[in-house]
Amino acid sequence: MSFVTPLQLTMRPLTARDNPAIARVIRAVSAEYGLTADKGYTVADPNLDTLYEVYSQPGHAYWVVEHEGDVVGGGGIAPLQCSEPDICELQKMYFLPQARGQGLAKKLALQAMAFAREQGFRRCYLETTASLTQAIALYERLGFEHIDEPLGCTGHVDCEVRMLKSL
């Protein structure tokens, strides 16, 4: 008989010392799924190594997930650039394999949307790619609806899945 024991994972706000670790997570997961910089995915973000500075701005927040002191995932929320002021964007949701399937992505997304509501946002937007089927299924369960056209100016030219949710 075999069984899987859930990991002891904790979620907390991003700190400056987390910058290298969360950048490594994002790069590793991107490589796992073939999400390359030349196609405009997150690994092309010029701020990838300084996320704490980005998410320390008003209306922004980012959380990391830890296992025994190691960052194994994260996600954040920020105003959607080049868009209406009541729209935020769920951003940079990445989890290493050992952190998946334990409900942390859902918990993090709900935390991010609660923060967004507190900041006065009325709608939440996200972009992803069709190969991330588990992520899309989660977003659908959370009430995100597919939309045809991109919003804002995210620079994610190959993110063909666009979703929006009223907060």
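Residues numbered from 1 in each chain as written. Predicted model: local features only at pLDDT ≥ 70, side-chain atom pairs only at ≥ 80, totals over all residues. Heavy atoms only, no water.

> Please explain the pattern of salt bridges as it appears in this structure.
Oppositely charged side chains can pair when the atoms bearing their charge come close. According to the stated counting rule, one finds 6 salt bridges in the structure shown. Across the salt bridge formed by R12 and E66, the nearest N and O atoms sit 2.9 Å from each other. Placement of the pair is R12 in strand 1 (residues 9–13) and E66 in strand 2 (residues 61–67), with a sequence separation of 54 residues. For the pair formed by R12 and E66, the shared burial category is buried. Across the pair R123 and E84 runs a salt bridge whose closest N-O atoms are separated by 2.7 Å. You can see R123 sitting in strand 5 (residues 123–128) and its partner E84 sitting in the loop between strand 3 (70–79) and strand 4 (87–95), a full 39 residues away along the chain. Using a relative accessible area of 46% as the deciding quantity, one classes E84 as partly exposed. (Salt bridge = Lys/Arg side-chain N within 4 Å of Asp/Glu carboxyl O. Helix = DSSP H or I, 4+ residues; strand = E, 2+ residues; numbered from the N terminus. Buried < 20%, exposed > 50% of the residue type's maximum accessible area, 1.4 Å probe, protein only.)

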